[in-house]
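Coordinates in review
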Amino acid sequence: MSGQETVKDSLFKALTSQAIQLHIRWNQYEELFDANDENIVLMNEVAPPFFRILQEALGHDIILGLARLTDRRSKDTVTIYRLPKEIQNEEMKNRIQKLIEENEPHFKFCKIWRDNHLAHANLEIHTQNGPFENFLPIADRESVANALKAITDILKACEKHFGCDSTDGFWDTREIKIFDGASKMIRVLSEGQRVMKEKSEKKKTARIVS
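Residues numbered from 1 in each chain as written. Predicted model: local features only at pLDDT ≥ 70, side-chain atom pairs only at ≥ 80, totals over all residues. Heavy atoms only, no water.

This part takes up the overall build of the protein chain. The number of helices and strands found in the protein chain is eight helices and zero strands. Secondary structure elements of the protein chain occur, N-terminal to C-terminal, as α-α-α-α-α-α-α-α. In the protein chain, buried positions account for 36% of the 210 residues. Once local pairs closer than 6 in sequence are excluded, the contacts in the protein chain between residues at least 24 apart make up 71%. Total accessible area on the protein chain stands at roughly 12,900 Å², and carbon and sulfur atoms take up 52% of it. (Helix = DSSP H or I, 4+ residues; strand = E, 2+ residues; numbered from the N terminus. Buried < 20%, exposed > 50% of the residue type's maximum accessible area, 1.4 Å probe, protein only. Contact = heavy atoms within 4.5 Å. Areas by Shrake-Rupley, 256 points an atom, 1.4 Å probe, with all protein chains shown as cover.)

In structure tokens, the structure reads:
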């Protein structure tokens, strides 16, 4: 890598790539766990422990991703906090810096979760009476959605400066939703569960007739 322009482009491309991956993961999470009650009932019927583990693992992975992109340690890391340092235009630099500062409240929870549970296990928190989640900030769907939107808004605000344009579909959520593995899996599970129930009913009927 050589030249200031290359450094700028590489940082922005890395940020947008990771942000889009987070959008994809978040979309899959919502497909599974923020869907209609029928999907939840189906997963609880088929394999409740597995889907509980999957929900936790995918949720934690998303929070970690948010924490990485909003890490204040900007040296040699892919983080939005490095963006202002790579912008020479003072007006744009100040605009992006202000936008980052305004959205910092949305990033706080994921850093605390990373530092005290996901990347490290805080001794005091994990030896308290009661679930450790009670001693950490709320990390619900609204918190994650707000943090992800804030990161996206910051990147969109300076994309033209880095030679990109969202009109090309860069942040088109319809394109992101083409990764529909979660919904396909639900359809397969639903069909499989239906077939198993039909077989079970046929066996019961056969026993009664015999």
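Once you've had a look at it, read on.
A few words now on the pattern of salt bridges. Side chains that differ in sign of charge can pair as their charged atoms come close. For the structure shown, the criterion picks out nine salt bridges. Residue Asp-71 is joined to Arg-114 by a salt bridge in which the shortest nitrogen-to-oxygen separation is 3.8 Å. Separated by 43 residues along the polypeptide, Asp-71 in the loop between helix 3 (48-69) and helix 4 (90-118) and Arg-114 in helix 4 bring together distant segments of the chain. Judged on exposure class, the residue Asp-71 and its partner Arg-114 are both buried. (Salt bridge = Lys/Arg side-chain N within 4 Å of Asp/Glu carboxyl O.)

Quick look at helix 4 now. The largest bend along helix 4 measures about 55 degrees and falls at Pro-105. Those residues of helix 4 that are buried are in contact with helix 3, helix 5 (123-126) and helix 6 (141-158). Two to three positions downstream of the cap, the backbone nitrogen of Glu-91 sits 3.1 Å from a side-chain oxygen, assigning the N-cap of helix 4 to Asn-89. (Bend = angle between axes of the 7 residues up to and from the residue. Polar contact = N/O pair within 3.5 Å; in protein donor to acceptor, adjacent residues only side chain to side chain.)

Our focus in this paragraph is the packing of aromatic side chains. For the coordinates displayed, the defined rule picks out five aromatic pairs. Chaining the aromatic ring pairs together yields one cluster made of Trp-26, Tyr-29 and Phe-33. (Phe/Tyr/Trp six-rings, centres within 6.5 Å; stacked < 30°, edge-to-face > 60°.)

All right, on to the side chain of His-117 then. Position of His-117 relative to the elements: it lies in helix 4. A relative accessible area of 18% places His-117 in the buried class. Within polar-contact distance, the side chain of His-117 engages the side chain of His-126 at 3.2 Å. Once you skip the residues sitting within four places of it in the chain, His-117 turns out to touch His-60, Ile-112, His-126, Phe-132 and Leu-136.

It is the contact of helix 3 with helix 6, at a shortest axis distance of 11 Å, that shows an interaxial angle of 35 degrees. Seen along the crossing, helix 3 lies across helix 6 with a hand that is left-handed. Contacts between helix 3 and helix 6 pair Gln-55, Ile-62, Ile-63, Leu-66 and Leu-69 from the former with Arg-141, Val-144, Ala-147, Leu-148 and Ile-151 from the latter. Each residue belonging to the contact of helix 3 with helix 6 can be placed in one class, and the counts come to eight nonpolar, one polar and one charged. (Axes fitted to C-alpha atoms, helices over the stretch in contact; angles between N-to-C directions. Left-handed = near helix turned anticlockwise from the far one by under 90°. Nonpolar A, V, L, I, M, F, W, Y, C, P; charged D, E, K, R; others polar.)

Below, the discussion takes up the side chain of Thr-16. Tracing the sequence through the fold places Thr-16 in helix 1 (residues 4-33). Polar contacts involving the side chain of Thr-16 include one to the main-chain carbonyl oxygen of Lys-13, which spans 3.0 Å.

Our focus in this paragraph is the nonpolar core. Counting 44 residues, the largest nonpolar core has Leu-66, Ile-80, Leu-83 and Ile-96 as the members making the most contacts within it. Sorting the residues of this core by element identifies helix 1, helix 2 (37-46), helix 3, helix 4, helix 6 and helix 8 (181-209) as the ones contributing at least two each. Discounting residues that sit within four places of it in the chain, Ile-80 has contacts with Leu-15, Leu-69, Thr-70, Ile-100, Phe-107, Ile-151 and Ile-154. (Core = buried A, V, L, I, M, F, W, Y, C linked by side-chain atoms within 4.5 Å.)

By the burial criterion, the buried members of helix 2 are Asn-39, Leu-42 and Met-43. Around the axis of helix 2, the buried residues are gathered within 95 degrees of arc, so they sit on the same side. Opposite the buried face of helix 2, by more than 90 degrees, sit the exposed residues Asp-37 and Glu-38. (Arc of directions from axis to C-beta.)

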